Amino acid sequence: MSDASQLTRPNPSSPVTTGETQGVRAWLTWLALFFFALYQVAGFSESRAGGNGPLRALTGDYYWPVNWSMFTGLSKTHTIMEFEGVENGEWVRLPMEEWYPAHWESGYRWERPWVYKWPSLQRPFLAAACQHTDAPYVRIVQRSWNKVLGQAEQPRKKVREKLLRVWECDRPYPMPPGRVF
Amino acid sequence: MITLKHETHRGWAWFRVLFAFAALLTWVPRGPHVVETYSSEGIPLLAGHVKITNLVIWSPTTAWLLYALLIASLLCVGAGRLRRIGLVGFVVSSCALMFAEGLNMKAYDRLLFWQAVMLFLSPGAGSGRTSGPPAARYAMLLVYCGLYGSTGWNKILGEPRWWSGLPLQYDFVHRQFGGLPLGVWLSDKAFLVAPMSWATLIWEGGFPFLIWFKRLAPIVLAVGAVFHLLILFTLDANTFSFVAVAAYPVLLNASQFDRFEDWVWSKIRRN
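Residues numbered from 1 in each chain as written. Chains lettered and ligands numbered in written order. Predicted model: local features only at pLDDT ≥ 70, side-chain atom pairs only at ≥ 80, totals over all residues.

(A) Looking closely at the overall build of chain B. Assigned secondary structure in chain B consists of 12 helices and 2 strands. Taken from N to C terminus, the helices and strands of chain B fall in the order β-α-α-α-α-α-β-α-α-α-α-α-α-α. For 271 residues, the compact-globule estimate of 2.2 N^0.38 gives 18 Å, and chain B sits close to it at 20 Å. When its C-alpha atoms are laid out on the principal axes, chain B stretches across 50 × 50 × 40 Å. A burial count over chain B gives 52% of its 271 residues as buried. Taking contacts inside chain B between residues at least 6 apart in sequence as the whole, the part at least 24 apart equals 71%. (Helix = DSSP H or I, 4+ residues; strand = E, 2+ residues; numbered from the N terminus. Rg over C-alpha atoms; globule rule 2.2 N^0.38 Å. Buried ≥ 20, exposed ≤ 12 C-beta atoms within 10 Å, placed from the backbone. Contact = placed C-beta atoms within 7 Å.)

See below:
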């Protein structure tokens, strides 16, 4: 992968320390580091406010690169998003995973929490589902059930359902910038 | 003592190679889905913090070109050739792709971004042989203080049940992030998970304070390495552990890293 010689000790006779940044340049460096430290603190403050805090309201959405809230909350339920289309008068599950197989360790794109929090993000996924089915209507349903500790199998028991949105497939969906699904 | 005395820190070279490895590990598996995820042939969304799709949606060809640039940049950085150009190429192409996708700029993606920036700013752009001020190393330390401190204090202040271990138990059986054999086995053993949880809170919350003490830094980082090893075997956080550990060599100061490297080589030679 790398030039191995670069990973070995440099000339052993050369000292580790060879000089020091001084004067205006030193002051500027310390100042830059100070503001970078403040930026980290601001990122923490915004993450405490769920990414929607007073700093963001004041200055804009500039803190996401230093928002590091990971595995912080307690979640006792599994939540999935499923797409369904009307076939012969009944809602039938649509295989979105086959049509759009890209996924991350957090699941498929439409399984990101933003999608079920923000309706505007549900529409393009519904419009995309329409591209692969003859169903006149498609819908997105959020289903959740309790986690079971101590076992890999997590059976769907006592599933709670929440209808998020129904979409008429004849309806054009404007995509940015000016593209229509 | 924190000073701007110039140093030749061999850890930058190790960091650069580990960075390239972790970034390739992150991005190569995304290859098969480039067209679906990042181009007009997928589902373009007006989403994310930087809504690039307001201006442009990549065509499949452009998405492939950006992906090719990203991989080539990482190979250059890893091989130590055209390092600065490679780091710029990685930052530009990865941001162009992730902003187009909109929903999945993960913690390890953001960390890779900061790592690339600090490598760019380091003496010799991660050569490990060039003398220069340690400002980029301090900045990398600040990023890690933010990373661990933020997530640790969010747990401490926001979810007191972390002290019981309960959130971690349920994370281990999370449909997406959990399900690994060791995590599932641990998930109903509160007497084991509770101490792990305490250790997580103390280590993450303490990191921003303890890492600046020269004598404590090696211990803090050794605990961090174990912490990431446990994450690797209990939670599916993709390449987060590899990415996070990649910069550890420069979180030690130059002389500490020299001693560590000499110790590693002596062990290797002995065997």
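(B) Molecular detail of helix 9 (residues 190–210) of chain B. Residue and element names in this part refer to chain B. Between the first and last C-alpha of helix 9 there are 28 Å, a value that for 21 residues agrees with the 30 Å anticipated at 1.5 Å per step. Every buried residue of helix 9 is accounted for by Val193, Ser197, Thr200, Glu204, Gly205, Phe207 and Pro208. Elements in contact with the buried residues of helix 9: helix 6 (135–158), helix 7 (166–172), helix 8 (181–187) and helix 10 (217–234). (Expected span 1.5 Å × (residues − 1).)

(C) Molecular detail of the domain arrangement of chain B. Residue and element names in this part refer to chain B. Looking at the assigned domains, one finds that chain B contains domain 1 (8–129) and domain 2 (133–237). Taken together, the contact pairs 6 residues of domain 1 with 6 residues of domain 2. Considered class by class, the residues forming the side of domain 1 that touches domain 2 number 4 nonpolar, 2 polar and no charged. (Domains from an automatic or database assignment. Nonpolar A, V, L, I, M, F, W, Y, C, P; charged D, E, K, R; others polar.)

(D) Region of interest: the interface of chain A and chain B. Listed by partner, the interface residues are 63 residues for chain A and 77 residues for chain B. Where the side of chain A that touches chain B is concerned, the elements lending two or more residues are strand 1 (17–20), helix 1 (23–48) and helix 5 (119–130) of chain A. The element contributing the most residues to the side of chain A that touches chain B is helix 1 of chain A, with 10 residues. Classifying every residue of the side of chain A that touches chain B gives 31 nonpolar, 21 polar and 11 charged.

(E) Quick peek at unusual backbone geometry. The backbone phi angle of phenylalanine 71 of chain A is positive, close to 50°, even though this residue is not glycine. Turning to its location among the elements, phenylalanine 71 of chain A is positioned in the loop between helix 2 (54–59) and strand 2 (77–87).

(F) Geometry of the pairing of strand 6 (residues 137–146) of chain A. Residues and elements named next belong to chain A. Across 9 bridges, the pairing between strand 2 and strand 6 is antiparallel. Bridging from a neighbouring strand, glutamate 82 pairs with valine 141 of strand 6. As paired strands, strand 6 and strand 7 (residues 160–168) are joined by 8 bridges and run antiparallel to one another. Across the sheet, the residue bridging to valine 141 is leucine 163, located in strand 7. (Pairing = 2+ DSSP bridges.)

(G) Spatial organisation of the sheet that holds strand 7 of chain A. All names here are of chain A. An order of 3-2-6-7 is seen for the 4 strands of this open sheet, with the pairing classed as antiparallel. Edge positions in the sheet fall to strand 3 (90–93) and strand 7, since each has one partner strand and no second. The average undirected angle you get between the axes of adjacent strands in this sheet is 30°. (Axes fitted to C-alpha atoms, helices over the stretch in contact; angles between N-to-C directions.)

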